[in-house]
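The primary structure of each chain is shown beneath.
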Amino acid sequence: MTSARGTRAQSAVRKAELPMLRAYRLWFEHARKCTDCKRVTKAQDGCESGQELWGAYRRAYDGGTT
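These lines cover the structure that appears in this document, whether it is placed above or below. The model shown is predicted, which means the values in this text are computed figures rather than measured ones.

Turning our attention to the packing of aromatic side chains. The tally for this structure, following the rule as stated, stands at seven aromatic pairs. Between the aromatic rings of Tyr57 and Tyr61, the centroid separation amounts to 5.9 Å while the plane-to-plane angle is 45°, which identifies the pairing as tilted. With Tyr57 and Tyr61 both in helix H4 (residues 48-62) and four residues apart, the pair spans about one turn of that helix. The exposure class of Tyr57 is buried, given its relative accessible area of 11%. In this structure an aromatic cluster arises from ring pairing among Tyr24, Trp27, Phe28, Trp54, Tyr57 and Tyr61.

Rendered as structure tokens:
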């Protein structure tokens, strides 16, 4: 029963997730799995998808939509 409550709480947290944190989480999950992104020391030097995800995070971090 505790796990069902935990799942609901996690779901509620995901719905209330800030755009900046969501963008970072998506980039981080990608970077953990992507072999190209694992090899670089800067996020900007990762694969094309990783660069796009990082760019989305930077835009969300800056508060802009550009």
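So much for the structure itself; the text now carries on.
Moving on: the nonpolar core. Ala23, Trp27, Ala31, Cys34, Cys37, Ala43, Cys47, Trp54 and Tyr57 together form the largest nonpolar core, which totals nine residues. Looking at this core, the elements with two or more residues in it are helix H2 (19-33) and H4. Examining the composition of this core, we find that three residues originate from one element, H2, more than from any other.

On to H4. For H4, spanning 15 residues, the distance from its first C-alpha to its last is 21 Å, which sits close to the expected 21 Å at 1.5 Å a residue. Inspection of H4 places Gly50, Trp54, Gly55 and Tyr57 among the buried residues, and these make up the whole buried set. Taken down its axis, H4 places every buried residue within 160° of arc, on the same side. The exposed set on the far side of H4, more than 90 degrees from its buried face, consists of Glu48 and Glu52. On the buried face of H4, the contacting elements are H2 and helix H3 (35-38). Looking at the residues trailing H4, positive phi occurs at Gly63, about 85°.

Once their charged atoms are close, side chains differing in charge can pair, the charge on each being opposite to the other. Applying the stated rule across the entire model yields four salt bridges. Glu29 is the salt-bridge partner of Arg25, the closest N and O atoms lying 3.5 Å from each other. Taken together, the residues Arg25 and Glu29, both in helix H2 and four residues apart, mark about one turn of the helix. According to the relative accessible area criterion, Glu29 is partly exposed, its value standing at 29%. Of the charged contacts in the structure, one is a salt bridge between Arg39 and Asp36, with a shortest N-O distance of 2.6 Å.

What counts, and where the lines are drawn
Residues numbered from 1 in each chain as written. Predicted model: local features only at pLDDT ≥ 70, side-chain atom pairs only at ≥ 80, totals over all residues. Heavy atoms only, no water. Phe/Tyr/Trp six-rings, centres within 6.5 Å; stacked < 30°, edge-to-face > 60°. Helix = DSSP H or I, 4+ residues; strand = E, 2+ residues; numbered from the N terminus. Buried < 20%, exposed > 50% of the residue type's maximum accessible area, 1.4 Å probe, protein only. Core = buried A, V, L, I, M, F, W, Y, C linked by side-chain atoms within 4.5 Å. Expected span 1.5 Å × (residues − 1). Arc of directions from axis to C-beta. Contact = heavy atoms within 4.5 Å. Salt bridge = Lys/Arg side-chain N within 4 Å of Asp/Glu carboxyl O.

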